[in-house]
Amino acid sequence: MPKNGQTQQFNKAAFQAAVEKHLTTTYATTDETASTRSWYLAMGKALAEISTGNLLATEKNLAEQKARSVNYLSLEFLIGRLTGNNLISMGLYENVAEAMEEMGQNLTDLLEEERDPALGNGGLGRLAACFMDSLAAQEYPAVGYGLHYEYGLFRQSFVDGRQVEAPDAWRGIEGYPWEVLRPELSQQVSLYGHVEGYTDENGVECRRWVPAMSVEGVAWDLPIVGYDNKSVYPLRLWECRSNAPFNLARFNDGDYVGAQYSALEAGNVTKVLYPNDNHDQGKALRLMQQYFHCACSVADILRRHEAAGNTIESLSKLETIQLNDTHPTIAIPELMRILLDEYKLGWEKAWEISSKTFAYTNHTLLPEALETWSEALIHQMLPRHMEIIFEINHRFMKQVEQTWPSNNEVKRKLSIIQEGPQRMVRMANLCVVSTYAVNGVAALHSELVKRDLFPEFNEIFPGRLTNVTNGVTPRRWIKYCNPGLSALISEKVGNDWPANLEKIAGLEKFADDAAFQKRYMAVKKENKQRLADWVEENMGIELDTDAIFDIQIKRLHEYKRQHLNLLNILALYHRLLNDPTFDMHPRVFFFGAKAAPGYALAKDIIFAINKVAEKVNNDPRLGGKLKVVFIPDYRVSLAEILFPAADVSEQISTAGKEASGTGNMKFAMNGALTIGTMDGANVEMREEVGDENIFIFGLLVDEVQKLKQEGYDPYRYYHADSLLRAALDLLETDEFTPGNPGQLAAIRHNLLEGGDPYLVLADFADYVKTQEKIDAEYRDQKTWARKAILNTALMSKFSSDRSIRDYANNIWKLEPVSL
Ligand code: B1N
């Protein structure tokens with residue numbers, strides 16, 4: 001039986017009194033006049049009182065036990081709404097629903113008042129959130145360190161089909177009820193200035209940083225509540241504040257106003273999340289964000305370590321620091337600086353501690369996403385860190401010389417410093433050299449990291465490069481978002497599957513059970529209805545839930561190939577109108593995607609899908625068989641409605657480009673069948689469910705590489721395939737933009753003449769054929785139900801609990817500590 005540690009403590013009357021108190025004292029309203037929003041806020045604050053108490057108790061216990069902890073450093077945590085999820089983790093959902101009902105409030109309505117905290121872009125940030133959930137659920141001691149952005153990922157709307165961005169003030173004017181300010185944990189962060197040498201009292205030559213500016217880092221904790229246990233871990237988010245006097249040099253020069261002005265600029269450090277996914281923009285303010293994040297986090301890790309009575313020499317025994325991609329890499333020279341300049345440990349000792357403390361996860365092979373920073377910029381903002389990076393590289397180059405004597409080519413390739421007109425620091429190389437473990441995020445991706453990205457590193461550091469396949473939390477992505485399916489699962493395999501997803505395999509034996517199939521498909525139907533209702537209410541489009549719900553939701557990127565999906569839609573449109581023998585099962589193609597504001601082609605693709613949708617949804621000639629719905633402002637709370645409602649999951653990236661994907665897992669758990677390439681975690685999903693229960697198409701990684709070497713000629717496919725030609729040529733006409741031909745032509749031009757590195761046309765024919773197969777198979781509802789059930793049953797590998805156990809056992813060497 002689940003323990004439900006928190007439930008025992010629930011005192012309804014006391015809880016209601018706390019809600020009442022916050023309603024009047026915190027939000028200055030009364031139970032007669034309060035808005036639904038004020039009720040939600042007051043309830044959130046009352047709940048946060050419980051979780052804050054448990055957070056402090058967890059911190060105290062871990063310090064006393066001298067437990068080894070992981071510190072997860074990430075510039076992004078895409079947590080989504082916390083209230084519903086935390087209620088489930090606390091085991092208080094029903095209790096609080098009842099308590100609020102007695103106060104005249106409906107819990108479901110209250111939960112809808114919460115704005116999504118969108119402190120991340122996509123998969124990388126969402127993974128960090130799932131990992132925090134799994135760390136807490138399994139009581140692996142952890143602290144998440146991130147940034148308290150004032151504005152999260154922009155809000156998206158469409159104006160005449162084009163994406164328009166608006167700022168996302170996720171905290172509203174009232175602040176977020178779950179966040180707790182930790183004034184005692186503030187940190188000072190230095191910037192700019194110069195480095196000087198001096199001789200210390202023992203006659204030793206030392207270096208020290210004489211910074212020119214400093215800003216204040218203020219800590220906000222969000223509670224990560226352990227599912228079915230008492231532990232609560234902090235997600236600690238740093239907010240940058242600039243306290244005058246700020247620009248010390250200018251202030252001392254008497255430039256009082258100028259000094260204040262700079263202070264205003266530094267107040268901008270945590271203003272807004274950079275809206276790029278899988279792309280490095282290289283802006284100075286972003287480097288400042290990264291350093292600010294790392295300086296605060298490293299200082300806080302050292303504070304905790306020492307407050308628990310531990311010596312600096314034991315740092316790597318008690319703490320490990322996981323770098324979520326290279327974005328927090330500057331934490332490495334920051335720790336080295338502190339060990340060298342403040343603890344005066346000497347290089348060897350400092351390096352031993354540091355290199356046993358850090359581990360690094362690589363999330364992408366895309367060259368445009370591999371971070372480099374100009375030496376000049378780092379030198380200006382962080383002069384001592386640049387010196388330390390040079391020293392790390394100097395020592396590493398000596399090691400390279402020993403392994404490959406007089407081989408300048410290898411040196412050039414492995415060097416942390418990229419030579420050229422502008423010398424650049426390669427952050428991934430710095431990570432591989434300075435950490436004890438480097439992992440990719442799916443088996444295929446990790447092999448490509450070893451084979452294509454870092455082959456020489458794999459030789460010089462044998463065993464350092466490994467794999468941990470991603471996962472997703474079954475609490476949010478099944479139990480919370482799909483209550484119908486959850487009840488059905490619990491009935492068959494018991495109710496402890498959310499914490500033990502292996503149990504879900506118990507469904508396998510019901511895959512052929514006609515009664516179970518019926519109930520499983522009835523749940524799917526209800527979830528499709530829930531989505532159809534949302535679409536009708538918010539977009540005014542009426543949908544038929546007997547249609548196939550085919551969904552592609554993820555960031556808009558050429559490598560993810562939303563335009564391949566679009567080409568198939570255009571082909572269907574063409575056939576429905578021109579081929580009287582053509583028949584198809586009704587299908588709704590859903591999209592949800594934000595484009596980085598500066599990514600022109602991605603925005604063109606959004607525009608094209610919207611324009612095609614407008615036409616298709618209103619064309620009586622199609623007999624309602626084809627619908628296209630682009631959900632605006634795709635975010636975690638909408639994902640929670642979309643995943644459970646899918647029949648078909650689109651995972652169609654060019655092989656080798658999607659490191660893992662995690663939406664693919666959420667779909668399959670919720671009973672959607674995947675149409676996908678042999679890319680990222682799709683490969684492992686196929687292994688789990690078997691080839692008959694997934695629709696694989698397209699070129700393999702090696703075929704992609706071969707085709708590119710031989711020279712990819714898009715016109716070859718264009719001339720050979722009349723359906724492809726028809727689809728592409730529609731983009732030149734004014735079919736979807738009446739009176740304005742050519743408005744969609746940029747996509748066609750890019751695919752035919754733009755040297756498309758994602759080989760969209762090469763995979764088109766196989767994609768269309770595989771979609772036809774899906775059409776045929778969906779008509780046999782029994783077989784479809786069987787496959788859908790098997791997808792749910794065979795997904796246990798992709799629980800993030802398993803991912804975290806892999807990290808804990810193979811990399812971090814971490815043991816659970818229960819409260
Ligand atoms: O990380 C996810 C993977 O499942 C996805 O396949 C992968 O694309 C994603 C720079 C990124 N890789 N790199 C980024 C995000 C923001 C940014 O500024 C790169 N995101 C991924 C989780 O492993």
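Residues numbered from 1 in each chain as written. Predicted model: local features only at pLDDT ≥ 70, side-chain atom pairs only at ≥ 80, totals over all residues. Heavy atoms only, no water.

Draft legend 1. Structural view of the overall build of the protein chain. Scanning the protein chain from terminus to terminus reveals 33 helices and 22 strands. For 819 residues, the compact-globule estimate of 2.2 N^0.38 gives 28 Å, and the C-alpha radius of gyration of the protein chain, at 27 Å, lies within 12% of that figure. If one aligns the C-alpha atoms of the protein chain with their principal axes, the spans along those axes are about 90 × 75 × 55 Å. Within the protein chain, the fraction of its 819 residues that count as buried is 62%. Put simply, 77% of the contacts in the protein chain that link residues at least 6 apart link residues at least 24 apart. If you average the places of the 86 positive and of the 111 negative side-chain charges in the protein chain, the two averages end up 2 Å apart. (Helix = DSSP H or I, 4+ residues; strand = E, 2+ residues; numbered from the N terminus. Rg over C-alpha atoms; globule rule 2.2 N^0.38 Å. Buried < 20%, exposed > 50% of the residue type's maximum accessible area, 1.4 Å probe, protein only. Contact = heavy atoms within 4.5 Å. Lys, Arg positive; Asp, Glu negative; His and termini not counted. Charge placed at Lys NZ, Arg CZ, Asp CG, Glu CD.)

Draft legend 2. Region of the structure containing the site of the ligand. Residues in contact with the ligand amount to 19 residues; listed here are only the nearest, Asn-278, His-363, Asn-470, Glu-658 and Gly-661. At a separation of 2.8 Å, an oxygen atom of the ligand approaches a polar side-chain atom of Asn-278. Contact with the protein chains covers 96% of the free accessible surface of the ligand, which is 500 Å². The dominant element in the shell around the ligand, judged by the number of residues it contributes, is helix 6 (residues 123–137), at 3 residues. Of the residues belonging to the shell around the ligand, the class tally is 5 nonpolar, 10 polar and 4 charged. Residue assignment places the shell around the ligand across two domains, with domain 1 (66–81 + 116–355) and domain 2 (524–798) each supplying three or more. (Near = heavy atom within 4 Å. Polar contact = N/O pair within 3.5 Å; in protein donor to acceptor, adjacent residues only side chain to side chain. Areas by Shrake-Rupley, 256 points an atom, 1.4 Å probe, with all protein chains shown as cover. Nonpolar A, V, L, I, M, F, W, Y, C, P; charged D, E, K, R; others polar. Domains from an automatic or database assignment.)

Draft legend 3. Structural context of the sheet that holds strand 14 (residues 424–426). Read across the open sheet, the 3 strands follow the order 12-14-13; overall the sheet is antiparallel. The open sheet has two free edges, formed respectively by strand 12 (372–374) and strand 13 (417–418), since each of these has just one partner strand. As paired elements, strand 13 and strand 14 share 2 bridges and run antiparallel to each other. What sits directly across from Ile-417, in strand 14, is Val-425. (Pairing = 2+ DSSP bridges.)

Draft legend 4. Representation of the environment of Ala-668 within the structure. Inspection of the secondary structure puts Ala-668 in helix 25 (residues 663–669). Along the backbone, Ala-668 and Lys-492 are 176 residues apart, and their C-alpha atoms lie at a distance of 19 Å.

Draft legend 5. Region of interest: the packing of helix 6 against helix 33 (residues 800–812). Following both chains from N to C, one finds helix 6 and helix 33 inclined at 75°, their axes separated by 8 Å at the closest point. With respect to helix 33, the axis of helix 6 lies roughly perpendicular. Residues Cys-130, Phe-131, Ser-134 and Leu-135 of helix 6 touch helix 33, and the partners they reach there are Ser-800, Asp-801, Ser-803, Ile-804, Tyr-807 and Trp-812. Its residues assigned to classes, the contact of helix 6 with helix 33 comprises 6 nonpolar, 3 polar and 1 charged. (Axes fitted to C-alpha atoms, helices over the stretch in contact; angles between N-to-C directions. Parallel < 35°, antiparallel > 145°, perpendicular 65-115°, else oblique.)

Draft legend 6. Representation of the pairing of strand 21 (residues 673–676) in the model. Alternating residues of strand 21 divide into Leu-673 and Ile-675 and Thr-674 and Gly-676, and every residue in both groups is buried. With 4 bridges joining them, strand 20 (residues 648–651) and strand 21 adopt parallel strand pairing. Residue pairing in the sheet places Glu-650 in a bridge with Ile-675 of strand 21. Relative to strand 22 (residues 695–696), strand 21 runs parallel, the two sharing 2 bridges. Counterpart to Ile-675 in the pairing with strand 22 is Phe-695.

Draft legend 7. A look at the environment of Glu-319. Mapping Glu-319 onto the fold places it in strand 10 (residues 319–324). Discounting chain neighbours no more than four positions away, the residues touching Glu-319 are Arg-68, Ser-69, Asn-71, Ile-301, Arg-304, His-305 and Thr-357. Polar contacts involving the side chain of Glu-319 include one to the side chain of Arg-304, which spans 3.0 Å.

Draft legend 8. Structural view of the domain arrangement of the protein chain. As far as domains go, the protein chain holds domain 1 (66–81 + 116–355) and domain 2 (524–798). The gap between the C-alpha centroids of domain 1 and domain 2 is 38 Å. Tallying the contact residues gives 23 residues for domain 1 and 25 residues for domain 2. Interface area for domain 1 against domain 2, summed over the two sides, is near 2000 Å², with a carbon-plus-sulfur share of 52%. The interface formed by domain 1 and domain 2 contains 2 salt bridges. (Buried area = accessible area lost by both parts, 1.4 Å probe. Salt bridge = Lys/Arg side-chain N within 4 Å of Asp/Glu carboxyl O.)

Draft legend 9. Just the UniProt feature "modified residue: N6-(pyridoxal phosphate)lysine" (unreviewed entry) in the protein chain, in detail. Residues annotated by UniProt as "modified residue: N6-(pyridoxal phosphate)lysine" (unreviewed entry) correspond here to Lys-666. Relative to the helices and strands, Lys-666 resides in helix 25. For Lys-666, a relative accessible area of 5% gives the class buried. Discounting residues that sit within four places of it in the chain, Lys-666 has contacts with Arg-126, Val-472, Trp-477 and Phe-643. (UniProt positions renumbered as here; feature names shortened; annotations may be inferred.)

Draft legend 10. Up close: helix 4 (residues 93–102). Taken together, the buried positions of helix 4 are Val-96, Ala-99 and Met-100. Viewed along the axis of helix 4, the buried residues span an arc of 95°, placing them on a single side of the element. Buried residues belonging to helix 4 abut helix 1 (12–26), helix 2 (36–65), helix 3 (83–90) and helix 5 (107–111). Gly-104 sits one or two positions beyond helix 4 and adopts a positive phi of about 85°. (Arc of directions from axis to C-beta.)

Draft legend 11. View of the pattern of salt bridges. Considering all chains together, one arrives at 65 salt bridges under this definition. Across the pair Arg-748 and Asp-729 runs a salt bridge whose closest N-O atoms are separated by 2.9 Å. Note that Arg-748 is positioned in helix 30 (residues 745–753) and Asp-729 in helix 29 (residues 722–730), a separation of 19 residues in sequence. Judged by relative accessible area, Arg-748 falls into the buried class, the value being 13%. Taken together, the salt bridges that share partners define one network made up of Glu-59, Arg-182, Asp-221, Arg-236, Asp-300 and Arg-303.

Draft legend 12. Spotlight on the packing of aromatic side chains. If you walk through the whole model with that rule in mind, you get 26 aromatic pairs. Taking the centre distance of 6.2 Å and the plane angle of 45° together, the rings of Phe-516 and Tyr-520 count as tilted. One end of the pair, Phe-516, and the other, Tyr-520, are both in helix 21 (residues 514–539), 4 residues apart, so they sit about a helical turn from each other. Since its relative accessible area comes to 3%, Tyr-520 is described here as buried. Taking 5.6 Å as the distance between ring centres and 85° as the angle between the ring planes, the aromatic pair formed by Tyr-715 and Tyr-718 counts as edge-to-face. Taken as a pair, Tyr-715 and Tyr-718 lie in helix 28 (residues 714–720) at a separation of 3 residues, close to a single helical turn. (Phe/Tyr/Trp six-rings, centres within 6.5 Å; stacked < 30°, edge-to-face > 60°.)

Draft legend 13. Highlighting the nonpolar core. Judged by nonpolar contacts, the single largest core of 272 residues is most densely connected at Phe-15, Val-96, Leu-531, Leu-567, Phe-590, Leu-626 and Leu-761. Two domains each donate at least three residues to this core, and these are domain 1 (66–81 + 116–355) and domain 2 (524–798). Not counting chain neighbours up to four residues away, the residues in contact with Leu-531 comprise Phe-549, Ile-551, Phe-590, Ile-631, Ile-641, Leu-642 and Ala-645. (Core = buried A, V, L, I, M, F, W, Y, C linked by side-chain atoms within 4.5 Å.)

Draft legend 14. Local environment of unusual backbone geometry. Its identity is not glycine, yet Tyr-192 carries a phi of approximately 60°, on the positive side. Mapped onto the fold, Tyr-192 is located in the loop between strand 5 (180–191) and strand 6 (194–199). The exposure class assigned to Tyr-192 is partly exposed, which follows from its relative accessible area of 22%.

Draft legend 15. Geometry of the packing of helix 31 (residues 760–778) against helix 32 (residues 781–793). Two numbers describe how helix 31 lies on helix 32: the axes approach to 7 Å, and their chain directions differ by 110°. Taken together, the axis directions place helix 31 and helix 32 in an arrangement best described as roughly perpendicular. The residues of helix 32 that touch helix 31, namely those facing Ile-774, Glu-777 and Tyr-778, are Gln-781, Trp-784 and Lys-787. Looking at side-chain class alone, the contact of helix 31 with helix 32 contains 3 nonpolar, 1 polar and 2 charged residues.

Draft legend 16. Main features of the side chain of Asp-647. With respect to the helices, strands and loops of the structure, Asp-647 is situated in the loop between helix 24 (636–642) and strand 20. Take Asp-647: its relative accessible area is 1%, and that puts it in the buried class. Polar side-chain contacts of Asp-647 include one of 2.8 Å to the backbone nitrogen of Phe-549. If we ignore the near neighbours within four places in the chain, the residues touching Asp-647 are Lys-524, Lys-528, Ala-547, Ile-548, Phe-549, Ala-672, Leu-673, Tyr-778 and Trp-784.

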